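# Structural features, examined
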Amino acid sequence: MTSSWLDLQVVWMAINIFLFLWFYFFYDLGDQFFYTRHILGSALAWARAPAAVLNFNCLLILLPVCRNLLSLIRGSFMCCGRTMRKQLDKNISFHKLVAYMIGLMTAVHTIAHFLNVEWYYNSRLGKYDDLSMALSSLDDSGNTTFLNPIRSTTTTPTLLVFTSVAGITGVIITLSLILIITSSMEVIRRSYFEVFWFTHHLFIVFFAGLVIHGAGRIVRSQTTTNPLHNATFCKDRIDDWGKIQECPVPQFAGGFPQTWMWVIGPMILYVCERLLRFIRYMQTVKYRKIVIRPSKVLELQLVKNGFKMDVGQYVFLNCPAISQLEWHPFTMTSAPEEDFFSVHIRSVGDWTQKLISIVEQLPEGAEGPKMGVDGPFGTASEDVFDYEVAMLVGAGIGVTPFASILKSIWYKFKDSNPKLRTRKIYFYWLCRETHAFEWFADLLQLLEREMEERGMGSFLTYKLYLTGWDQSHANHVMVHADADTDVVTGLKQKTNYGRPNWDKEFEQVRKENPTSVVGTFLCGPAVLATVLSKKCVKYTDVDPRKTKFYFNKENF
Amino acid sequence: NGKIEWAMWANEQALAAGLILLTGGIVGVAGQFRDREFAAYSIAAGVFVCLLEYPRGKRNKGTSVERTGQYCFTVCVKSFGPLTRNYYVRAFLHAAICVPGGFILAAVLGCVCLGIASLIYLAAAIRGEQWEPILPWKESARKPVGESIKLPPQNPPPRPPAEMRRKRAEDLEAAAYVNPIAVTANDD
């Protein structure tokens, strides 16, 4: 967990707590609610405090899913450093967190209002004291205004709910919320995307109902009359109301509905977001090249007008021929210097499988299936160019963004791009087996050849670690140990079996670069991040003239 | 997959409904609402539905994910045989259970949620889905350690068959081989 993500959660929770307490005490202590509280007790505050938290969170919930808008914001914050940008990347996690809060607060709000309705009902039927009776009898006629929204003595709490705007909208939006939540459970979301996606659109019903939920203004407070009606004084003089000067008949009014003020902004932003996605979807995407790589990996090289990317970013792809609704993210494997962008797609699920089979069945030279592209998204991993010496560690599928990074570094080096400070790269590739990553091995070989041609063979040092080796692999190696290239992937430098000995690796880097600043970048599991950051600390010399290791918690 | 197993969603919805019925019932009883008999019923109904729906059924395609500690519930539910296996039964059961909940405000939400779950179960039943228990993994499901480590080698090391290795008198050219190290006469 990066500290900026933690910061966001802390700030968010602090605001929630503040809102809850502020509004709780506003309703529990405010004089204008004295009479209301006489009937409802603290259930009033217990209903209104969550309402405030709900307003805040309903405002927030739409924002993290506006990925295009977030990209735009991120663009303008480039100069402000990575922290802000990383926050914006945790979008779905934040969306879920806010959703849980909405669920929880809805529960508290609903329960408190159930109690309120019941108390109002009892009060109307005279089950409480005289003051309650008197207050509940106040009607909306002549020169009186009602406090108790239950005007009839023959209704029931359930009937009230279904004959009031607040009640009907409350039930409808709570139901929508429950259906959204049950269909968003991981089991459903991952397996039956259509159910999840269609049901989630109930959020439109949710927001529509939410905005008119308070229109009935049934939560009432005492208004200022002339002359004033002092509740503390007049509460024991019910019979004198309207007869003595100090106690005119108390007047009540409901609060102006405020929810729309909180949510109208995000609602407009979200509409813009969907519009933007649709526009991008309609933009033509042409295929420059389609290649089927070893192990059925599909490489798509695409071209789209005005598309600009940075290293390590990803795009969402949509293929109407497979599914109208599904958008799937893929890290780009091309460098920004190239005049196209590419993705390498492995068969990992239904959608990817179908795409690969469609492409395999394409006749020679035919155009690929229509594709919609949204993006690019993700933090641009620009820091990687700032270090004289870079240690890049890619584990498993985490190796994919490094295709983009390594290519970009090489392009920049060839063009003597001043942005590039890197003079030496150590690349560590960890995987259980190289199956489905032969294309990456080919890329490494290609870069290696190009570098040797220019006499820069020492620019890139790479090692492959097969962490899932078994006896048959070892047998194979023993028979062919004399071959110059490694048999598994054909890489010049030998494949190593098992996990890297990081102490040895860091020692080697330090020995070969006694005075440099080394940046370490990882795309892989969090455990490895802990290991590497510890090694960076361990091998950084106290002497500022000697080697320094910096671990970048960049999550590609 | 992508083919919807409606029962999976019906199950989530029904479990949620059970919890909502339970909560509504507790509020009704604790708040001493009028008609609190219905609230008490709501508690009982909520608990029953939760117990019935807690154990997830086995999926037709794909991996089934168990809920924490659901094994004992699975055994319980399994013991009712066709009553719990058949989704038509569940659909009608939930429809019947939810009705009394509609009588008090505190249980109305739970009632409607359970009604919706009932409809989804009906859809599942029409599509022929059934509840199958998720039973514990057998040890063989784990990828076995390479057998070759345990047994002595069954096959000789990889090399071409003997006939190909044998030097052929008919083909002297191919039969000759180059010495890896230069062969010199013994000088001393």
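Residues numbered from 1 in each chain as written. Chains lettered and ligands numbered in written order. Predicted model: local features only at pLDDT ≥ 70, side-chain atom pairs only at ≥ 80, totals over all residues. Heavy atoms only, no water.

Looking at an unreviewed UniProt entry, one finds chain B named Cytochrome b-245 light chain and attributed to Oncorhynchus kisutch. Of the comments in the UniProt record for chain B, the one headed Subcellular location (unreviewed entry) reads "Cell membrane". Per UniProt, chain B has the following entry under Sequence similarities (unreviewed entry): "Belongs to the p22phox family." (UniProt positions renumbered as here; feature names shortened; annotations may be inferred.)

In the annotation of an unreviewed UniProt entry, chain A is listed under the name NADPH oxidase 1 and assigned to Oncorhynchus kisutch. The UniProt entry for chain A carries the following comment under Subcellular location (unreviewed entry): "Membrane". Quoted verbatim from the Catalytic activity (unreviewed entry) heading of the UniProt record, the comment on chain A is "NADPH + 2 O2 = 2 superoxide + NADP(+) + H(+)".

## Regarding the confidence of the model for chain A
On average, residues of chain A score 85 in pLDDT, and 91% of them are at 70 or above. A low-confidence stretch, residues 76–88 of chain A stays under pLDDT 50, and its non-local contacts, those more than four residues away or across chains, total 19 contacts. (pLDDT = per-residue confidence, 0-100. Contact = heavy atoms within 4.5 Å.)

## A short note on the interface of chain A and chain B
Listed by partner, the interface residues are 31 residues for chain A and 32 residues for chain B. When chain A packs against chain B, the two sides together hide about 2,700 Å² of surface, and 74% of this comes from carbon and sulfur. Across the contact surface, chain A and chain B share zero salt bridges. Elements supplying a minimum of two residues to the side of chain A that touches chain B: helix H6 (91–124), helix H8 (157–162), helix H9 (165–183), helix H10 (186–191), helix H11 (193–200) and helix H18 (471–480) of chain A. Top element by residues in the side of chain A that touches chain B is H6(A). It accounts for eight residues. Looking at the side of chain A that touches chain B residue by residue, the class counts come to 19 nonpolar, nine polar and three charged. (Buried area = accessible area lost by both parts, 1.4 Å probe. Salt bridge = Lys/Arg side-chain N within 4 Å of Asp/Glu carboxyl O. Helix = DSSP H or I, 4+ residues; strand = E, 2+ residues; numbered from the N terminus. Nonpolar A, V, L, I, M, F, W, Y, C, P; charged D, E, K, R; others polar.)

## Here we look at the sheet that holds strand E6 (residues 328–331) of chain A
Residues and elements named next belong to chain A. Strands sit in the order E6-E5-E8 across an open sheet of three strands; the sheet is antiparallel. If you trace the sheet from one side to the other, it starts and ends with E6 and strand E8 (372–377), each paired once. Pairs of neighbouring strands in the sheet enclose a mean axial angle of 25°, with direction left out of account. Packing against the sheet, helix H14 (residues 259–282) makes contact with strand E5 (314–318) and E8, and its axis sits at approximately 120° to E8. (Pairing = 2+ DSSP bridges. Axes fitted to C-alpha atoms, helices over the stretch in contact; angles between N-to-C directions.)

## Digging into the packing of helix H1 (residues 6–30) of chain B against helix H2 (residues 36–53) of chain B
Residue and element names in this part refer to chain B. At a minimum axis distance of 7 Å, the contact between H1 and H2 shows a crossing angle of 150°. Between H1 and H2, the interaxial angle falls into the category roughly antiparallel. Considering the relative orientation of H1 and H2, their crossing is left-handed. Seen from H1, the contacting residues are Asn11, Ala14, Leu15, Gly18, Leu19, Leu21, Leu22, Gly25, Ile26, Gly28 and Val29; seen from H2, they are Arg36, Ala39, Ala40, Ser42, Ile43, Ala45, Gly46, Val47, Val49, Cys50 and Glu53. Class assignment of the residues belonging to the contact of H1 with H2 gives a composition of 14 nonpolar, six polar and two charged. (Parallel < 35°, antiparallel > 145°, perpendicular 65-115°, else oblique. Left-handed = near helix turned anticlockwise from the far one by under 90°.)

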